[in-house]
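Below, each chain spelled out in residue letters.
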Amino acid sequence: MLKERSLIGKTPENIGKKVKLYGWVHIRRDHGKLIFIDLRDATGIIQTVFIPSNKEAHEVASTLRSEWIVEFEGQINERPEKLKNDAIPTGGIEMLVEKVTVLNESKTTPFEISTETEVGEETRLKYRYLDLRREKMKKNIRLRHNVTKFFRDWFSNDGFLEIETPMMTKGTPEGSREFIIPSRLHNGKFYVLPQSPQQFKQLLMVAGMEKYFQVARCFRDEDQRGDRQPEFTQIDLEMSFGDEGDVMDLIEKSVIDMTTKLFPDKKIQKNPFPKISHKESMEKYGNDKPDLRENKEDPNELAFAWVVDFPMFEYSETDKKLGASHHPFTHPKDEDIGLLDKEPEKVKAKAYDLILNGYEIGGGSIRIHKADLQNKVFQTLGLSEKDIQERFGHILEAFSYGTPPHGGFAFGFDRLIMILAGEPNIREVIPFPKTGDAKDLMMNAPSEVPEEQLKELGIQLKKQ
Ligand code: ASP
């Protein structure tokens, strides 16, 4: 079947040739005796024409409805000059259809695929597979693919290995509640979905991999404030023997290369990216991700900047307990290590955030690579010796086997794509997102599970 198929995107190269196209009926227009059908596949849309003298094809064409799946055979012709449309790549051509086969019919879709009319988000999410047929979403998914591929190639070319890390693991504290998975084989015990691959990527540095990256799915069970998703994507990386400057330089270079190559119309406002201290940012802008654009109306302006010199710890607003501002694996500034005991709130961290147009699009740090310092930071956070051993014994032990200095970074990939695509929220750039209250309206998740399954897991639900 596919051997004979031509893709609509390639049809402009086939003028004068007979080809076979497969796709979806985008729109049908009856113009007196002529029937025009815009045919769509993943690569584009082409105008096709049915003439009455080809009775058989013309009759079938008159029955076709939007979103039916069809096979068209016919000749690609140049359109008469005055009917050319420069706005689309196939605007100079059309297909004169000789033979039609209907491969599948379609119910009337809950919203039109061929227009950009506003559709309520709940409907779009329930029928995401139809929403993704629309050009705007297709464009965003393509853009996302292109940026993912760019970074994959870029980091690979720089010697980074793409390595997968487990999804079923043990908690790693990065300041959020974790999703847990009950174990059937070990009743009463739980796996945890990773908030990020943080501990594994550090253990890969212990393992001597030196340069790691991953397009990583992360899970955080947060109350859904603002534009968040319970699962989201990071481009996550880690490298050995680098300092803060090395990691920031590498990230900056990758971002500039990506933007110049994939988004030539966009302007990077300042290159190299300005660095601003956390203190200055708070004092001057009242937050730690200032929007530094000169003209916020300009959709092509990209104001990247680094925020550096973060405090290592902060007191939680709710229980006034000391917590790690980034995560507890972040290395304190060398000159501040002496303050850990008495004035931890004065300790600064070797941490950096990358901001873009008022959003944090990534962050990272140089890590602690020695067991005694790591232990000290856990103690500063108020963990008991028993807690430390239970939760972090594995990483402390790993650090005792020749761990190189290391550091890394993770892009909040959905947000980066959102800004590059000019979208107002990350759901517009995630193929199958959840709603603001963490529901998947298409799959109808979360959902109840059979009693039997709960029993196997040793779980009994409390009656609500
Ligand atoms: N794991 C960190 C995060 O998810 C990123 C990093 O420090 O590399 O924010």
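Note on numbering: residues in each chain are counted from 1, in written sequence order. pLDDT decides what is reported in this predicted model: residues at 70 or higher carry local features, side-chain atom pairs at 80 or more are listed and counted, and totals for whole chains, interfaces and linings draw on all residues regardless. Hydrogens are left out, water is left out, and the side-chain values use all remaining heavy atoms of the structure.

Caption draft 1: Spatial organisation of the packing of helix H4 (residues 135–157) against helix H10 (residues 413–421). Axis separation between H4 and H10 bottoms out at 10 Å; the angle between their running directions is 120°. One element, H4, and the other, H10, form an angle in the oblique class. As H4 runs across H10, the sense of the crossing is right-handed. Across the interface between the two elements, Asn 140, Leu 143, Arg 144, Val 147, Thr 148 and Phe 151 from H4 touch Phe 413, Asp 414, Leu 416, Ile 417, Leu 420 and Ala 421 from H10. Between N-to-C directions, angles cover 0 to 180 degrees, with each direction set by a line fitted to C-alpha atoms, over the stretch in contact for helices. Counting from the N terminus, the helices are the DSSP runs of H or I reaching at least four residues and the strands are the DSSP runs of E reaching at least two. Here the angle decides the label: under 35 degrees means roughly parallel, over 145 means roughly antiparallel, 65 to 115 means roughly perpendicular, and every other value means oblique. Crossings are classed by handedness, with left-handed meaning an anticlockwise turn of the near helix from the far one by less than a right angle and right-handed meaning a clockwise turn. Any pair of residues with heavy atoms lying within 4.5 Å of one another is described as a contacting pair.

Caption draft 2: Focus on the sheet that holds strand E5 (residues 93–104). For two strands to be treated as a pair, DSSP must find at least two bridges joining them. With mixed pairing, five strands are arranged side by side around a closed barrel as E1-E2-E3-E5-E4. Adjacent strand axes in the sheet meet at a mean angle of 55° when their direction is disregarded. Bridge analysis of strand E3 (residues 44–50) against E5 gives two bridges, and the strand direction is parallel. Following the sheet pairing, Val 49 is matched in E5 by Leu 96.

Caption draft 3: Spatial organisation of the packing of helix H5 (residues 198–206) against helix H9 (residues 385–399). Contact geometry of H5 with H9 gives a least axis separation of 10 Å together with a crossing angle of 25°. Put simply, H5 runs roughly parallel to H9. Pair H5 / H9 crosses with left-handed handedness. Of the residues in H9, those touching H5 at Gln 199, Gln 202, Leu 203 and Val 206 are Phe 392, His 394, Ile 395, Ala 398 and Phe 399.

Caption draft 4: View of the sheet that holds strand E19 (residues 406–412). The strand order across the open sheet formed by eight strands is E6-E9-E10-E19-E18-E17-E14-E12, and the pairing between neighbours is mixed. Of all the strands in the sheet, just strand E6 (161–162) and strand E12 (275–277) have a single pairing partner and so form its edges. As judged from the six bridges shared by strand E17 (residues 351–356) and strand E18 (residues 359–366), these two strands associate in the antiparallel manner. Paired with Leu 354 across the bridge in E18 is Gly 362. Packing against the sheet, helix H7 (residues 278–285) makes contact with E12 and strand E14 (304–308), and its axis sits at approximately 80° to E12.

Caption draft 5: The arrangement of the packing of aromatic side chains in detail. For Phe, Tyr and Trp, rings pair up if their centres lie within 6.5 Å, where Trp contributes its six-membered ring, and each pair is then called stacked (planes under 30 degrees apart), edge-to-face (over 60) or tilted (otherwise). Going through the model one piece at a time under the given rule, you end up with 15 aromatic pairs. Geometrically, the ring pair formed by Phe 50 and Phe 72 is edge-to-face, given 5.3 Å between the ring centres and 85° between the ring planes. Note that Phe 50 is positioned in strand E3 and Phe 72 in strand E4 (residues 69–78), a separation of 22 residues in sequence. Each member of the pair Phe 50 and Phe 72 is classed as buried. Taken together, Phe 150, Phe 151, Trp 154, Phe 155, Phe 160, Phe 213, Trp 306, Tyr 352, Phe 409 and Phe 411 form an aromatic cluster joined through their ring pairs. Exposure categories follow from relative accessible area, calculated using a 1.4 Å probe and restricted to protein chains: below 20% of the type maximum is buried, above 50% is exposed, and the middle band is partly exposed.

Caption draft 6: Focus on the site of the ligand. What surrounds the ligand is the set Glu 174, Ser 196, Gln 198, Lys 201, Arg 220, Gln 234, His 327, Gly 363, Gly 364, Arg 367, Phe 409 and Ala 410. Polar contacts here mean pairs of N or O atoms no more than 3.5 Å apart (in protein, one a potential hydrogen donor and the other a potential acceptor; neighbouring residues in sequence count only if both atoms are side-chain atoms). One of the side-chain N or O atoms of Arg 220 is found 3.0 Å from an oxygen atom in the ligand. Between the ligand and the protein, one listed contact pairs an oxygen atom with a side-chain N or O atom of Gln 234 at 2.9 Å. In the complex, 88% of the free accessible area of the ligand, which totals 270 Å², lies under the protein chains. Elements represented by at least two residues in the shell around the ligand include exactly H5, E18 and E19. For this scheme, ten residues count as nonpolar: Ala, Val, Leu, Ile, Met, Phe, Trp, Tyr, Cys and Pro. Four count as charged, namely Asp, Glu, Lys and Arg, and the remainder, Gly too, count as polar. Considering only residue class, the shell around the ligand consists of two nonpolar, six polar and four charged. Only heavy atoms are used to decide nearness, and a residue is near a molecule or strand if one of them lies within 4 Å of it. Every accessible area reported is derived by Shrake-Rupley at a probe size of 1.4 Å, with residue values counting cover from the shown protein chains alone.

Caption draft 7: Summary view of the nonpolar core. Among the buried residues, those of types Ala, Val, Leu, Ile, Met, Phe, Trp, Tyr and Cys that are joined through side-chain atoms within 4.5 Å form a nonpolar core. Of all hydrophobic cores here, the largest spans 40 residues; its most connected members are Phe 151, Phe 155, Ile 251, Leu 354 and Phe 411. Looking at this core, the elements that each hand over two or more residues are H4, strand E10 (231–240), helix H6 (244–262), E14, E17, E18, E19 and H10. At seven residues, H6 tops the list of elements feeding residues into this core. Each residue touching Phe 151, except ones within four places of it in the same chain, is listed here: Ser 156, Ile 235, Ser 254, Val 255, Met 258, Phe 411, Phe 413 and Leu 416. Counting 20 residues, the second-largest nonpolar core is a separate cluster that includes Val 19, Val 25, Ile 35 and Trp 68.

Caption draft 8: Representation of the layout of surface pockets in the model. Of the voids in this model, the second largest pocket is the one considered here, and its volume is about 1200 Å³. Both cavities and pockets are sets of points on a 1 Å grid over the protein atoms alone; in a cavity a 1.4 Å probe fits but cannot get out, in a pocket the set is open with protein on both sides within 12 Å along at least five of seven lines, and lining residues sit with an atom within 4 Å of a point. Around the second largest pocket, the lining comprises 35 residues; the ones closest to its centre are Phe 179, Ile 180, Ala 445, Pro 446 and Ser 447. Residue assignment for the lining of the second largest pocket shows that the elements contributing at least two residues are strand E7 (180–182), strand E9 (211–219), E10 and helix H11 (451–456). Grid points are joined across faces, edges and corners, and a volume is the space filled by probe spheres set on the points.

Caption draft 9: Region of interest: the side chain of Arg 134. In this structure, Arg 134 sits in the loop between helix H3 (128–131) and H4. In this charge count, Lys and Arg are treated as positive and Asp and Glu as negative; neither His nor the chain ends contribute. What counts as a salt bridge is simple: a side-chain nitrogen of Lys or Arg found within 4 Å of a carboxyl oxygen of Asp or Glu. Lacking a salt bridge, the buried Arg 134 has Asp 131 as its closest oppositely charged neighbour, with an N-O distance of 4.5 Å. Once residues within four sequence positions are removed from consideration, Arg 134 is found in contact with Phe 111, Glu 112, Ile 113, Thr 115, Glu 116, Thr 117 and Val 119.

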